[in-house]
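Listed here are the chains, written in short residue letters.
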Amino acid sequence: MAKRNFRVWRGNIEGGEFVEFQVDVDPGMVVLDVLHRIQTHQANDLALRWNCKAGKCGSCSMEINGKPRLSCMTRMNIFTEDETITVQPLKTFPVIKDLVCDVSWNYKQNKRIPKFKPKPKGADGTHRMYQEDVDRVQEFRKCIECFLCQDVCHVIRDRDAKQEFVGPRFMIRLASLEMHPLDDDDRIPEIRKEFGSGMCNITRCCTEVCPEHINITDNGIIPLKERVVDRYFDPIAAIGRKLFGIRRRTKTRAEEKGEAK
Ligand code: SF4
Ligand code: SF4
Ligand code: FES
């Protein structure tokens, strides 16, 4: 057992401060274990979220030494013994208390996304898809909604452009629908004009922090950006569509109804 120094942010939406704790840490502990030990012995009212302690529920997201991480998957042995470990809530979302944030904005974005629309069945009465198409969207389905990628994305973190960009988590949800081999909807106008694909400048910070190792930028966001370019800005694709009489939507559903803001 060794004594380790922690600085934990304590407060609420009105303000707060870092409080220092010295804690006995046993071999094999993760940061969440240490926070529970602080809660048990030194600060009974310390607020934090967790559920699975297995990196699968996405609840225990926080910033540890300045980096967005799952506290249940952050082993104490990655820090040097004399290092002070600073723990604070996700910066991008409003604090409720201590390490707990209000992430409800994310659930509102999820509701805005047009849902899966199944293609009609084939002539043999079944749906068929290639394994490689299944594998491609399977990567996006691994998301545990920890919102670490949302926290680190500078568009919503530093510029607070939440009205203009849904963020990386929802870009990959859109990608999982747009690339789904059995989906029959077309969300490209919304991806460009409502969900803000153009706001992402491919810094890849979101991919770096994803605990599920989803290649958010290269496999999700860039292919969506390419589809937007193909629809709106590629003259050869436009000529091809004209020659073959292929019609593609360029207006959003709101624009079609005359309701766009
Ligand atoms: S790659 Fe795009 S979505 Fe990801 S953090 Fe950078 S700006 Fe945000
Ligand atoms: S994409 Fe990765 S970082 Fe973003 S919410 Fe899902 S699991 Fe978390
Ligand atoms: S407690 Fe579930 S991901 Fe950490």
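The structure contained in this document is the topic of the report that follows. All values derive from a computational prediction rather than experimental measurement.

## A short note on a nonpolar patch on the surface
Here's step 1: The grouping of Ile239, Leu243, Phe244 and Ile246 at the surface amounts to a nonpolar patch, some 480 Å² of accessible area in total.
Here's step 2: With respect to the helices and strands, the residue Phe244 is situated in the loop between helix 10 (235–243) and helix 11 (253–256).
Here's step 3: Residue Phe244 is classed as exposed on the basis of its relative accessible area of 68%.

## Let's talk about the pattern of salt bridges
Here's step 1: Across all of its chains, the model carries 22 salt bridges by this definition.
Here's step 2: One salt bridge connects Arg157 with Glu63, and the closest N-O pair in it is separated by 2.9 Å. Of this pair, Arg157 sits in helix 5 (residues 154–157) while Glu63 sits in strand 3 (residues 61–64), and the two are 94 residues apart along the sequence.
Here's step 3: Taking the relative accessible area as the measure of exposure, Arg157 reaches 21% and is therefore partly exposed.
Here's step 4: For Arg231, the salt bridge goes to Asp186, with nearest N and O atoms at 3.0 Å. One end of the pair, Arg231, is in helix 9 (residues 216–232); the other, Asp186, is in the loop between helix 6 (168–178) and helix 7 (188–193), and 45 residues separate them in sequence.
Here's step 5: A relative accessible area of 12% places Arg231 in the buried class.

## Some details on the site of ligand 1
Here's step 1: Neighbouring residues of ligand 1: 13 residues in total, closest Cys153, Cys200, Thr203, Arg204 and Cys206.
Here's step 2: Taken together, the elements giving at least two residues each to the shell around ligand 1 come down to helix 5 and helix 9.
Here's step 3: Of the residues that constitute the shell around ligand 1, the class distribution is eight nonpolar, four polar and one charged.

## Examining the nonpolar core
Here's step 1: Core analysis: the biggest nonpolar cluster contains 66 residues, and Phe6, Leu35, Ile38 and Met76 have the highest contact counts within it.
Here's step 2: No other element matches helix 6, which puts six residues into this core.
Here's step 3: Split by domain, this core shows at least three residues from each of two domains, domain 1 (2–101) and domain 2 (104–256).
Here's step 4: With sequence-adjacent residues up to four places away left out, Phe6 is seen in contact with Val19, Glu20, Phe21, Val23, Val31, Val34, Ile38, Met76, Thr84, Ile85 and Val87.

## Details of the packing of aromatic side chains
One pair of aromatic rings is described through two measures. These are the centre distance and the angle between the planes.
Here's step 1: The tally for this structure, following the rule as stated, stands at four aromatic pairs.
Here's step 2: With centroids separated by 5.7 Å and ring planes inclined at 75°, the aromatic side chains of Tyr107 and Phe147 adopt a geometry described as edge-to-face. Of this pair, Tyr107 sits in helix 2 (residues 104–112) while Phe147 sits in the loop between helix 3 (131–141) and helix 4 (148–152), and the two are 40 residues apart along the sequence.
Here's step 3: Residue classification places Tyr107 among the partly exposed positions, given a relative accessible area of 42%.
Here's step 4: With relative accessibility at 2%, the residue Phe147 sits in the buried group.
Here's step 5: Each ring, one from Tyr232 and one from Phe233, has its centre 6.2 Å from the other, and the planes form 45°; the classification is tilted.
Here's step 6: Aromatic ring contacts, followed pair by pair, group Tyr107, Phe147 and Phe170 into a single cluster.
Here's step 7: A cation over an aromatic ring shows up here: Arg7 above the ring of Phe18, its NZ or CZ 4.3 Å from the ring centre.
Here's step 8: The ring of Tyr232 is capped by Arg192, whose NZ or CZ atom sits 4.4 Å from the centre of that ring.

## Some points on the pairing of strand 4 (residues 67–70)
Here's step 1: Burial of strand 4 is one-sided: the residues Pro68 and Leu70 facing one way are buried, the residues Lys67 and Arg69 facing the other way are not.
Here's step 2: In the sheet, strand 3 pairs with strand 4 via four bridges, with the strands oriented antiparallel. Bridge pairing links Glu63 to Pro68 in strand 4.
Here's step 3: In textbook terms, the turn of a hairpin is the stretch between consecutive antiparallel strands, and for strand 3 and strand 4 this stretch comprises two residues, one of which, Asn65, has a positive phi near 50°.

## A look at the side chain of Arg169
Here's step 1: Residue placement: Arg169 occurs in helix 6.
Here's step 2: At 2.8 Å, the side chain of Arg169 and the side chain of Glu145 are in polar contact.
Here's step 3: Each residue touching Arg169, except ones within four places of it in the same chain, is listed here: Cys143, Glu145, Phe147, Cys149 and Gln150.

Cut-offs used in this document
Residues numbered from 1 in each chain as written. Chains lettered and ligands numbered in written order. Predicted model: local features only at pLDDT ≥ 70, side-chain atom pairs only at ≥ 80, totals over all residues. Heavy atoms only, no water. Patch = residues over 30% accessible without salt bridge, like charges linked within 9 Å, V, L, I, M, F, W, Y side chains within 5 Å. Areas by Shrake-Rupley, 256 points an atom, 1.4 Å probe, with all protein chains shown as cover. Salt bridge = Lys/Arg side-chain N within 4 Å of Asp/Glu carboxyl O. Helix = DSSP H or I, 4+ residues; strand = E, 2+ residues; numbered from the N terminus. Buried < 20%, exposed > 50% of the residue type's maximum accessible area, 1.4 Å probe, protein only. Near = heavy atom within 4 Å. Nonpolar A, V, L, I, M, F, W, Y, C, P; charged D, E, K, R; others polar. Core = buried A, V, L, I, M, F, W, Y, C linked by side-chain atoms within 4.5 Å. Domains from an automatic or database assignment. Contact = heavy atoms within 4.5 Å. Phe/Tyr/Trp six-rings, centres within 6.5 Å; stacked < 30°, edge-to-face > 60°. Lys NZ or Arg CZ within 6 Å of the ring centre and 35° of its normal. Pairing = 2+ DSSP bridges. Polar contact = N/O pair within 3.5 Å; in protein donor to acceptor, adjacent residues only side chain to side chain.

These results come straight from atomic positions and should not be treated as a statement about function.
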